[in-house]
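Working through the structure, step by step
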Amino acid sequence: NAKALDPRRAPMPQPLPPKENALFKLIVKHYETKQYKKGMKASDAVLKKFPDHGETLAMRGLILNCMERKVEAYEFVKKGLAKDIRSHVCWHVFGLVHRSDRDYKESVKCYRNALRIEPDNMQILRDLSLLQVQLRDRVGYLETRHSLLKLKPALRLNWLGLAVANHLLGRHERATNVLGAYENTLEGSTEPESAYERSEMALYKMELLRDGRKHAEALEALAKSEKVIVDKTAVREVRAELNLALENYSAAASEYRRLIDLNPEEHGYHAGLQAALLEQALPPPTLSNKPGAKSPYGASTTRRPVYTGLNPAQRSLLLSAYGELRTAHPRASAPRRIPLDVIDASTNEGAMRFDDAFSGYVIPMLRKGVPSLFADIRPLYEQPAKAARIGAIFDRWGSALANNGTLEGNRATPGGDGGSGAELPSTTMWVQFLLAQHLDKHGKHEEALAAVDKAIAHTPTLVELYVFKGRVYKHAGDPAEAASWVEHARSLDGADRYLNTKATRYLLRADKPEEATAVIGLFTKDGPERESNLFDMQCMWYECEAGEALRRLGRVGKALKKLLAVDKHFVDIVEDQFDFHTYCLRKMTLRSYVQLLRMEEHVWAHPFYIRAACGAVEMFLELHDAHSVAHAEKLSDVNASGDAALDVAERKKAASKARKLAARAAEEKTKKEMEEKEALVKADKEGGKKKEKQQPKGDGEKREVDDDPEGIKLEASDTPLVEASRLLATLQIHSADVLETQLLACAVYGRRGKFLLALRALRRARALSADTDPLVHRATVRLFAAVDAAAAGVQGAAAAAAAAPTSRMTRGRVVHVLVRD
């Protein structure tokens, strides 16, 4: 009955006398100041005279929760709620306890019950709004923010919160109106407002207008607010993008030229200038180095244009503009690098122009000795014509150096400025290094090794040469030899963190996890807890590599521990945003706050999570298959020992009985674990043993000791499919466009007997891949084999049932299995 459960219909408890009421207020004060022992002492004094006072019981439970005595905390809070169900304090405390355990949905329910009793409580409304934005309940967040504003319209944070709530719902005009109304309330106000706050308010209004596709209004507002905006670079960036969106290409181009004058190496400005010159839209923001790639993280100044679809007139226009930029910025590299992407090397004229531009860009860097030069020019290899020209240029340089000691057959000064002297000896080494990288890129590993050996013989102290030699062996398929060379490079400079990281990665790929841990431990804190320090630092690349290495070595439990640690990191990343919901509104960092919220919605699509989750799901499937094989062998042994005489119905009955016994045993095991946990908590309370179960982190916090460091319990799990399904659910929500996600979904659903869901995942995998993809073909064959096996089992059971006596038949039940190609 809903009316019976309504807390407003419960009887009102008797209030505390003045003395005990003062003690209760003292309990709240001690909780807020984190003086938990004093709070416990004060609660004992109140409960000694009024043992059934619900709010005191609830506050005692809240303090126990802060003291990590969870079981007792829930007992006291529930007891207090039962004694005083009409108290908003009890419901609020119950919500706080749930929130501390990250059970946000239950916490929201408790807050709503508290608001039914005390609808105008500001603290409960604020706590509820934090949970709603954390759970992305945008409609509820808007309603709560509106209630807060009505209760306290003089508070700036309430106005900003309402504007952000409208922004998250896509109501950009309403959000702008809210900010305008707030500014109207400031007229004649003596409240001080910093220049930064006024600037951020103006820029946030620009962002609202831009998101609402009101570019003309945003440009007008920018002109009016330009004087109060302190970030003048942001003003120019916004003005340039608005002019580009309004197709004012001339104004946009001039604005982007001014930005390039400020920072000629910013490729985002160059992308804007190219879009203005070609009268096109800006390319999408991306964190990838690939042209045209998209990213959900919104790096607005990192835009990679695509040049493959340009016609000769457009290429000529861009090259002319970059000729002017090279003259204006002779020391900048971007105006010399970008034309290499623009030039079309497929024609004779374009090939000659590319050769000149390439030589003009690369030769100065060879003379300076830039180790990352090949990484800079590597994208050019995606076009076969340019890759061929680069190879010819390298051959010509090698011949010229061998014949007369100069590049391009010209005389050069030792400084590389042109003149009567030969090239510096180091230039010869860098050319040889570049040639080796070129050969490795084309898969000519033996020739690449010969070239890098010549470079090493010339300069045996350059660590980059040994790292590259290891990379060649890696590409050739010899990870052990690759690891030895990279480890040798690390030994030449033990203080280089980059070399330490590379050596660790190569050792893990060579299946040497102990050596890798020792190497990376050189840059962690001293002591035996090196891997714990890496976990605290959320070193996910290491955990992914270590998990895959341990899996190859057959150490499944430890491998699962490493990969599931990545899952914990992403849970922490999502939880860490909770502290910013109030902080960003208070500090007026509204643009960054909205960007943070949008980024957090896509954080589960990060490559690290996809890699770790897919690896963990595959291992859980392998454990499930191993358990299934062991169970089948056990049944076959039983049948061979004399149970083969049982008919099909009796076997089915025995199997059902075994399943029930297994379920009962699992239930008893879970119950026993819970009892042990409660007993441990009580023992910690009585004897103070919890301190022995914790170790201090570097920042003074306490870390629970891992009772399963080798993952033995994980490997012995009776429900691997449950864990696989949990990880798969996250992958399907955030990485549905990844082929591995759909293949794993097909495998998991197939093993669970949900063939329609498996078929849906298979169809999506076929849409994401080529028709000849072997992984999709294998998944198709396995799914059809599983369906055929299920159909054969049903037919066999039906035949046995037909042959059995009537009393043992299940009447009116027919099972059909439809296999459709």
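Below is a short write-up of the structure.

What counts, and at which threshold
Residues numbered from 1 in each chain as written. Predicted model: local features only at pLDDT ≥ 70, side-chain atom pairs only at ≥ 80, totals over all residues. Heavy atoms only, no water. Phe/Tyr/Trp six-rings, centres within 6.5 Å; stacked < 30°, edge-to-face > 60°. Helix = DSSP H or I, 4+ residues; strand = E, 2+ residues; numbered from the N terminus. Buried < 20%, exposed > 50% of the residue type's maximum accessible area, 1.4 Å probe, protein only. Lys NZ or Arg CZ within 6 Å of the ring centre and 35° of its normal. Expected span 1.5 Å × (residues − 1). Contact = heavy atoms within 4.5 Å. Polar contact = N/O pair within 3.5 Å; in protein donor to acceptor, adjacent residues only side chain to side chain. Axes fitted to C-alpha atoms, helices over the stretch in contact; angles between N-to-C directions. Parallel < 35°, antiparallel > 145°, perpendicular 65-115°, else oblique. Nonpolar A, V, L, I, M, F, W, Y, C, P; charged D, E, K, R; others polar. 1 Å grid on protein atoms, 1.4 Å probe; cavity = no way out; pocket = protein on both sides within 12 Å on 5 of 7 lines; lining within 4 Å. Points joined across faces, edges and corners; volume = space filled by probe spheres on them. Core = buried A, V, L, I, M, F, W, Y, C linked by side-chain atoms within 4.5 Å.

1. Re the packing of aromatic side chains
- Within this structure, the stated rule accounts for 15 aromatic pairs.
- Taking 5.8 Å as the distance between ring centres and 45° as the angle between the ring planes, the aromatic pair formed by phenylalanine 394 and tryptophan 397 counts as tilted. Taken as a pair, phenylalanine 394 and tryptophan 397 lie in helix α21 (residues 384-404) at a separation of three residues, close to a single helical turn.
- On the basis of relative accessibility, which here comes to 4%, the residue phenylalanine 394 falls in the buried class.
- Here arginine 60 stacks its cationic end above the ring of phenylalanine 76, 5.2 Å away from the centre of that ring.

2. Quick look at helix α14 (residues 232-245)
- In a regular helix each residue adds 1.5 Å, so 14 residues correspond to 20 Å; α14 covers 20 Å between its end C-alpha atoms and thus fits that length.
- For α14, every residue scored as buried is listed here: Ala234, Val235, Val238, Arg239, Ala240, Glu241, Leu242, Asn243 and Leu244.
- Residues of α14 that are buried sit in contact with α12 (195-211), α13 (215-225), α15 (249-262) and α16 (267-278).
- Looking one or two residues beyond α14, the residue adopting positive phi is glutamate 247, at roughly 65°.

3. Observations regarding the side chain of glutamate 72
- Take glutamate 72: it is sitting in helix α5 (residues 70-83).
- For glutamate 72, a relative accessible area of 10% translates into the label buried.
- In this structure the side chain of glutamate 72 is engaged in a polar contact, spanning 3.0 Å, whose partner is the side chain of arginine 69.

4. Comments concerning the packing of α12 against helix α32 (residues 590-601)
- Interaxial distance between α12 and α32 falls to 8 Å at its minimum, and their mutual angle equals 45°. Overall, the two elements α12 and α32 adopt an arrangement that is oblique. Across from Glu200, Leu203, Tyr204, Glu207 and Asp211 in α12, the residues of α32 making contact are Leu590, Arg591, Val594 and Arg598.
- Looking at side-chain class alone, the contact of α12 with α32 contains four nonpolar, no polar and five charged residues.

5. Considerations on unusual backbone geometry
- Unlike most non-glycine residues, arginine 213 shows phi in positive territory, near 65°.
- With respect to the helices, strands and loops of the structure, arginine 213 is situated in the loop between α12 and α13.
- Relative accessible area serves as the criterion here: at 67%, arginine 213 is assigned to the exposed category.
- A positive phi angle, near 55°, is found at glutamate 279, a position not held by glycine.
- On the secondary structure map, glutamate 279 appears in the loop between α16 and α17 (312-328).
- On the basis of relative accessibility, which here comes to 54%, the residue glutamate 279 falls in the exposed class.

6. Observations concerning empty space enclosed by the protein
- The tally for this structure, following the rule as stated, stands at one cavity of 30 Å³ or more.
- Size it by volume and the largest cavity reaches roughly 40 Å³.
- Lining the largest cavity are Leu366, Val370, Pro371, Leu373, Phe374, Trp430, Phe433, Leu434 and Gln437.
- Counting only elements with at least two residues in the lining of the largest cavity, the list comes to α20 (373-377) and α22 (425-441).
- Residue contributions to the lining of the largest cavity peak at four residues, all from α22.
- For the lining of the largest cavity, the per-class residue count stands at eight nonpolar, one polar and no charged.

7. What about the environment of valine 306?
- Structurally, valine 306 can be placed in the loop between α16 and α17.
- Once the C-alpha coordinates of valine 306 and proline 283 are considered, the two residues, 23 residues apart in sequence, prove to be 8.1 Å apart.

8. Some details on the nonpolar core
- Counting residues in each nonpolar core, the largest one holds 87 residues, and the members touching the most others are Phe358, Val362, Ile377, Phe394 and Trp397.
- If we ignore the near neighbours within four places in the chain, the residues touching isoleucine 377 are Arg337, Phe358, Tyr361, Val362, Phe394 and Leu434.
- Residues Leu560, Phe570, Trp604 and Ala745 belong to the second largest nonpolar core, which totals 47 residues.

9. Some points on the environment of histidine 30
- Residue placement: histidine 30 occurs in helix α2 (residues 18-32).
- Separated by 33 residues in sequence, histidine 30 and isoleucine 63 place their C-alpha atoms 9.1 Å apart.
- With residues up to four places along the chain from it excluded, the contact list for histidine 30 reads Gln35, Tyr36, Lys38 and Gly39.

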